Amino acid sequence: MADHYTISNLAEEFDISTRTIRYYEEIGLIHPKRTDGGQRVYSRRDRALLRLILRGKRFGFSLEEIHEMITLFDEDRTGEKQLEATIQYGKKKIKEVEEKIQDMMELKSQMEELLNDFQNRLHKIKGEE
């Protein structure tokens, strides 16, 4: 594993655009160093943070929530505050997912009823009972 990464290395590894990485830098989620020529150089910590950011996005956390969780770890190296916040956000996300599942189940049921009604109408039109 390398000690330093270029923006292109990380973009390729995580299959994201360099613009996305620059945006995460702009909003303070990662903090690359710069070479004398101005090229961004990312540390292993930046790479690990990028992995956490992408995982958080995959689980539906907002960038604001992700930023808070990262900041809490920086403030409290025991990780206690970060874990407490992550648990709270996680519970909230699970509730949101459960609500979406319920909504989708209701929609599926409505669609099945409608499809059944259409099939019955078609049978009646064709004279099939």
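For the structure, check the block above.
These figures come from a predicted structure and were not determined experimentally.

Draft legend 1. Summary view of the packing of helix H4 (residues 63-75) against helix H5 (residues 80-125). The interhelical angle for the contact between H4 and H5, taken along N-to-C directions, is 160 degrees, at an axis separation of 8 Å. Relative to H5, the element H4 is oriented roughly antiparallel. Only Lys81, Gln82, Ala85, Thr86, Tyr89, Lys92 and Lys93 of H5 make contact with H4, whose side of the interface consists of Glu65, Glu68, Met69, Leu72 and Phe73.

Draft legend 2. Layout of the pairing of strand E3 (residues 40-43). With 2 bridges connecting them, strand E1 (residues 4-5) and E3 associate as antiparallel partners. Bridging from a neighbouring strand, His4 pairs with Ser43 of E3. By the bridge criterion, 2 bridges tie strand E2 (residues 33-34) to E3 in an arrangement that is antiparallel. Looking at the pairing, Arg34 lines up with Arg40 of E3. Taking the residues between adjacent antiparallel strands as the criterion, E2 and E3 are bridged by 5 residues, where Gly38 takes a positive phi near 90 degrees.

Draft legend 3. Molecular detail of the pattern of salt bridges. Scanning the entire structure with this criterion turns up 11 salt bridges. Connected through shared salt-bridge partners, Glu13, Arg47 and Arg51 make up one network.

Draft legend 4. A look at the packing of aromatic side chains. With the rule as written, the count across this model stands at 2 aromatic pairs. Between Tyr23 and Tyr24 the ring centres are 6.4 Å apart and the planes differ by 50 degrees, which places this aromatic pair in the tilted class. Look at Tyr24 and you get buried, because its relative accessible area is 6%. For the ring pair Phe61 and Tyr89, a centre distance of 6.3 Å and an interplane angle of 65 degrees mean the geometry is edge-to-face. Of the two residues, Phe61 sits in the loop between helix H3 (44-58) and H4 while Tyr89 sits in helix H5, which places them 28 residues apart along the sequence. This pair shows no difference in class: Phe61 is buried, exactly as Tyr89 is. In this structure, Arg58 is placed above the aromatic ring of Phe59, and the distance from its NZ or CZ to the ring centre is 4.9 Å.

Draft legend 5. Spatial organisation of the sheet that holds E3. Spatial strand order, E1-E3-E2: 3 strands in an open sheet with antiparallel pairing. The two strands at the open ends of the sheet, each matched to only one other strand, are E1 and E2.

Draft legend 6. Inspection of the nonpolar core at higher detail. With 22 residues, the main nonpolar core has Ile21, Tyr24, Ile53 and Ile66 as its most contacted residues. When residues of this core are traced back to their parent elements, those giving at least two are helix H1 (7-14), helix H2 (18-26), H3, H4 and H5. If one sorts the elements of this core by residue count, H4 sits on top with 5 residues. If we ignore the near neighbours within four places in the chain, the residues touching Ile21 are Ile7, Leu10, Ala11, Ile16, Ile30, Tyr42 and Leu50.

Parameters at a glance
- Residues numbered from 1 in each chain as written.
- Predicted model: local features only at pLDDT ≥ 70, side-chain atom pairs only at ≥ 80, totals over all residues.
- Heavy atoms only, no water.
- Axes fitted to C-alpha atoms, helices over the stretch in contact; angles between N-to-C directions.
- Helix = DSSP H or I, 4+ residues; strand = E, 2+ residues; numbered from the N terminus.
- Parallel < 35°, antiparallel > 145°, perpendicular 65-115°, else oblique.
- Contact = heavy atoms within 4.5 Å.
- Pairing = 2+ DSSP bridges.
- Salt bridge = Lys/Arg side-chain N within 4 Å of Asp/Glu carboxyl O.
- Phe/Tyr/Trp six-rings, centres within 6.5 Å; stacked < 30°, edge-to-face > 60°.
- Buried < 20%, exposed > 50% of the residue type's maximum accessible area, 1.4 Å probe, protein only.
- Lys NZ or Arg CZ within 6 Å of the ring centre and 35° of its normal.
- Core = buried A, V, L, I, M, F, W, Y, C linked by side-chain atoms within 4.5 Å.

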